[in-house]
Amino acid sequence: MSDRASDAGERALLAERMLAEQEERRRVAELLHDGPIQQLSAISQMLDAGLSELEGGGNERAAEIFTRGLELSRATARDLRQLCDDLEPRVLHTLGFAAAVTALARRISGRSDVAIDVDVDTAASSLGENAAVALYQILREATEQAVRRGTLTRVEIVLREPESGGVELVVTDDGPPERRSAVLEALAERAATLNGRFSSETRYPRGSTIRIDVPPATAHR
């Protein structure tokens, strides 16, 4: 490969990574705006209302308002901790990829009543740190998007090592097929940060599969 072609390839890869990072920042901004920021605004209004009640002698009413505000502040703290864990889960760095994916599956399954099967243990041991973080983000987004489509009963997450080397991530669900191109494009952009090959398959009337093939050069770093 010529130096010019190599430079062009590196620039293209950098552009893809920048797009993926921009998409991640947009997603986080939306989560913060629609969740914790709205909740903090509501807490401020509750505090104002509670202080007004105190100034007017309505101690009992003020206590009720402050109690609701305290409950909402605790829920907001939980949401922020969850957002931090989704971005960079502590368990991913302390216990590894398999434990992080299992915890994620348990959490999503618990709040959505969807069975999530995880088979990643064998291949996970060979993942490098960068690949582990990127693949975790991909499967998290793919699984959450599948649950948002609704009326599904099962999701299967598999990470395996093909004979050609590297790793292959497969996320399969039995829900309505994903028809939103923006969702698939976002997953493909994430895969591109690993030099991965992205593909998707739909099975009508129900079922979707996304597949990420990551070459050895990026799977183990």
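What you see is a predicted model; the values in this text were computed from it and never measured.

Looking now at the packing of helix α4 (residues 97-112) against helix α6 (residues 129-149). Where α4 meets α6, the axes come as close as 11 Å, and the angle between the chain directions of the two elements is 15°. Here α4 is positioned roughly parallel relative to α6, judged by the angle of their axes. The two elements α4 and α6 cross, and the hand of that crossing is right-handed. Residues Phe97, Ala100, Val101, Leu104, Arg107, Ile108, Arg111 and Ser112 of α4 form the contact with α6, whose own contacting residues are Ala132, Leu135, Tyr136, Leu139, Arg140, Thr143, Glu144 and Val147. Class assignment for the residues of the contact of α4 with α6 results in ten nonpolar, two polar and four charged.

A few words on the nonpolar core. Within the largest apolar cluster, 39 residues are counted, with the highest numbers of intra-cluster contacts made by Phe97, Leu135, Ile157, Leu159 and Leu169. When residues of this core are traced back to their parent elements, those giving at least two are α4, α5 (121-124), α6, β2 (154-160), β3 (167-173), α7 (181-192) and β5 (208-214). With near-sequence residues (within four places) excluded, Phe97 lies in contact with Leu92, Val120, Ala124, Leu127, Ala132, Leu135, Tyr136, Leu139 and Leu159.

Another point: the side chain of Asp213. With respect to the helices, strands and loops of the structure, Asp213 is situated in strand β5. Residues contacting Asp213, with those up to four places away along its chain left out, are Val167, Glu168, Gly196 and Arg197.

Residue position: Glu141 is located in helix α6. With 42 residues separating them in the primary sequence, Glu141 and Val183 have C-alpha atoms 9.0 Å apart. With residues near it in sequence (within four places) discarded, Glu141 still touches Arg27, Arg148 and Leu187. Among the polar contacts made by the side chain of Glu141, one reaches the side chain of Gln145 at a distance of 2.9 Å.

Further remarks concern the pairing of β3. Burial runs high along β3: six of the seven residues are buried. Where β2 lies against β3, six bridges are found, and the strand directions are antiparallel. In the sheet register, Arg160 faces β3, and the bridge partner there is Glu168. The turn linking β2 back onto β3 is made up of six residues, and Gly165 within it adopts a positive phi angle of 100°. In this sheet, β5 lies alongside β3 in antiparallel orientation, the contact comprising seven bridges. Looking across to β5, one finds that Thr172 is bridged to Thr209.

Thresholds, definitions, all that
Residues numbered from 1 in each chain as written. Predicted model: local features only at pLDDT ≥ 70, side-chain atom pairs only at ≥ 80, totals over all residues. Heavy atoms only, no water. Axes fitted to C-alpha atoms, helices over the stretch in contact; angles between N-to-C directions. Helix = DSSP H or I, 4+ residues; strand = E, 2+ residues; numbered from the N terminus. Parallel < 35°, antiparallel > 145°, perpendicular 65-115°, else oblique. Left-handed = near helix turned anticlockwise from the far one by under 90°. Contact = heavy atoms within 4.5 Å. Nonpolar A, V, L, I, M, F, W, Y, C, P; charged D, E, K, R; others polar. Core = buried A, V, L, I, M, F, W, Y, C linked by side-chain atoms within 4.5 Å. Buried < 20%, exposed > 50% of the residue type's maximum accessible area, 1.4 Å probe, protein only. Polar contact = N/O pair within 3.5 Å; in protein donor to acceptor, adjacent residues only side chain to side chain. Pairing = 2+ DSSP bridges.

Read these as geometric descriptors, not functional statements.
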